[in-house]
Structures are given as structure tokens and as C-alpha cells.
Amino acid sequence: MNQDDLAAIDLQIHACRLCPLCQNRNCAVPGLGPAPARIMLVGEAPGREEDMTGKPFVGRAGRLLDGAIEQAGLVRAETFITSVIKCRPPENRKPKKLEIASCSHYLQAQIDIVNPEIICLMGNTAAQAVLGMQGIAALRGRILQDRFLVTYHPAAVLRNRNLMEGFVSDLKRLNTLENH
Ligand code: URA
């Protein structure tokens, strides 16, 4: 599994019409990064700047994520970054169940191709979609099912800068989990 397999999924996502979000998108946002990659980061849904560029986490939350990644000693270009759904919801509202259900096979295919050792689920939408669990306060910072680490969504950290220290310390754990 490699970059060609990822490119094939990207094409499917760009052509996707499985849910109504396709009607208003400028760009679908499949995700970005190498395959294989040791670390995968999963957010919620593209926002305005992601919809304009087709790239994940390039807006304000993305800049905060970049800073946190650097502080944690990770290299963004070595991680695979994506979101649970690949098209922007209107006004950045939370994705609906039907949208998540229509889109989740793309994330599963990306996980299979990228084959990460550790998958960082950023926020409740990602934790719920992938693990069926919510409640960041209780879930964050723990390794779940041998492969998942739940942390805050960067947009939550933007709203409450007091969360930054915990967010960075969670991301640091991604670096030290080779033998978890
Ligand atoms: N928030 C997300 O969850 N994903 C993005 O790509 C951008 C913002």
C-alpha cells in the first residue's frame, strides 16, 4: 500500500456524491501526508480555508496545530493528516450522523493504506466516529485499543488557550509510543 493507493482514494473523494455536502463544496479535502506514516492525525471536518485549498488544517486551527506539532517535536510532513469527513459543512456546523456514515469508509481506507502505528483522534467527533466514544476530559492522553490516542481538537484549543499545554503534551506522547 502506498502513495498510488492514497491517490486513488483521493480521486474517489473528489468525485464523491454520497451525501449532500458535495453540493456546496469548492474542494473536497481528502487529507495529506506520506504512506506509510507512523503517525496519523484525525480532525473533524474541513473549514473555509480547507474548502478553498483542498488541504487539511490550513486555517487558524491548522496554524495552531502546526505550532503544537513543532513544540511536540514532531514533523508535520512526516504525519498523515485528515478529518472524519472530507467536505465542509455549512457554517462549519458539526457533521451530521448521515454525513459521517457516508464518509467513514474513506477514513478506514486511508487508515489501511497509511497503516499508522498510532492514530491521534482530535476532538469528540473523531473519537466518536472511530471508537464510538466521547468525552475528551476522560479519554484524552490514554492509549486506547493499542493504537489510538484521543486529544483536544485544535479549534477547542484556539477557543481556550489553557488547553495548549495538555494538547502539546498529548502530541508528545505520539513520539514515545513505538513500543506501546
Ligand atoms: N478542522 C478539521 O477538523 N479539519 C480541518 O481540515 C480543518 C479544521
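Refer to the structure presented above.
Scope of this entry: the structure provided in the associated data block. The numbers attached to residues start from 1 for each chain and follow its sequence in the written order. For a predicted model such as this one, the threshold for reporting local features is a pLDDT of at least 70, and the threshold for listing and counting side-chain atom pairs is 80 or more; totals across whole chains, interfaces and linings nevertheless cover every residue. Neither water nor hydrogens contribute to the side-chain values; these are computed over all heavy atoms in the structure.

Glancing now at the packing of helix α3 (residues 60-71) against helix α8 (residues 164-175). Every angle, taken between N-to-C directions, lies between 0 and 180 degrees, and every axis is a line fitted to C-alpha atoms, over only the stretch in contact when it is a helix. The way it works is that DSSP assigns letters per residue, a run of H or I at least four long becomes a helix, a run of E at least two long becomes a strand, and they are numbered from the N terminus. Relative orientation of the contacting elements α3 and α8 amounts to 55 degrees, with a least axis distance of 8 Å. Relative to α8, the element α3 lies oblique. Where α3 crosses over α8, the handedness of that crossing is right-handed. The residues of α8 that touch α3, namely those facing L64, L65, G67, A68, I69 and Q71, are M164, F167, V168, L171 and K172. Here the residues of the contact of α3 with α8 sort into eight nonpolar, two polar and one charged. If an angle is under 35 degrees, it is roughly parallel; if it is over 145, roughly antiparallel; if it lies from 65 to 115, roughly perpendicular; otherwise it is oblique. Here a crossing is called left-handed whenever its near helix is offset anticlockwise from the far helix by less than a right angle, and right-handed whenever the offset is clockwise. Note on definitions: a residue-residue contact is assigned when non-hydrogen atoms from the two residues lie within 4.5 Å. Gly is placed with the polar residues, together with every amino acid not listed as nonpolar (Ala, Val, Leu, Ile, Met, Phe, Trp, Tyr, Cys and Pro) or charged (Asp, Glu, Lys and Arg).

Further remarks concern the site of the ligand. Whether a residue is near a molecule or strand depends on its heavy atoms: if one lies within 4 Å, it is near. Within the structure, the ligand sits among G43, E44, A45, P46, E50, P56, F57, S83 and H153. The definition of a polar contact used here is a pair of N or O atoms within 3.5 Å, where within protein one atom must be able to donate a hydrogen and the other to accept one, and adjacent residues in sequence count solely through side-chain atom pairs. One of the backbone N or O atoms of A45 is found 3.1 Å from a nitrogen atom in the ligand. Contact between the ligand and S83: a nitrogen atom at 2.7 Å from a side-chain N or O atom of the residue. Residue burial considers only the protein chains on display, and all accessible areas are found by Shrake-Rupley using a 1.4 Å probe. Within the complex, the protein chains bury 93% of what would otherwise be the 230 Å² of accessible surface of the ligand. Here the shell around the ligand is built from residues that sort into four nonpolar, three polar and two charged.

For the rest of this paragraph, the subject is the nonpolar core. As used in this record, nonpolar core signifies buried Ala, Val, Leu, Ile, Met, Phe, Trp, Tyr and Cys residues forming a set joined through side-chain atoms within 4.5 Å. Think of it in three bands: with a 1.4 Å probe and only protein chains considered, a residue is buried below 20% of the maximum accessible area for its type, exposed above 50%, and partly exposed in between. L41, F167, L171 and L174 are the most contacted members of the largest nonpolar core, which has 59 residues in total. When residues in this core are grouped by element, the largest group, eight residues, is from helix α4 (residues 97-114). With near-sequence residues (within four places) excluded, L174 lies in contact with R38, I39, L41, L74, I118, C120 and L149.

Let's shift gears to the environment of K94. Looking at the secondary structure, you find K94 in the loop between β2 (80-83) and α4. According to the relative accessible area criterion, K94 is exposed, its value standing at 54%. Once the C-alpha coordinates of K94 and T125 are considered, the two residues, 31 residues apart in sequence, prove to be 8.1 Å apart. When near neighbours in sequence (up to four residues on either side) are disregarded, K94 contacts E44 and T125. Among the polar contacts made by the side chain of K94, one reaches the side chain of E44 at a distance of 3.0 Å.

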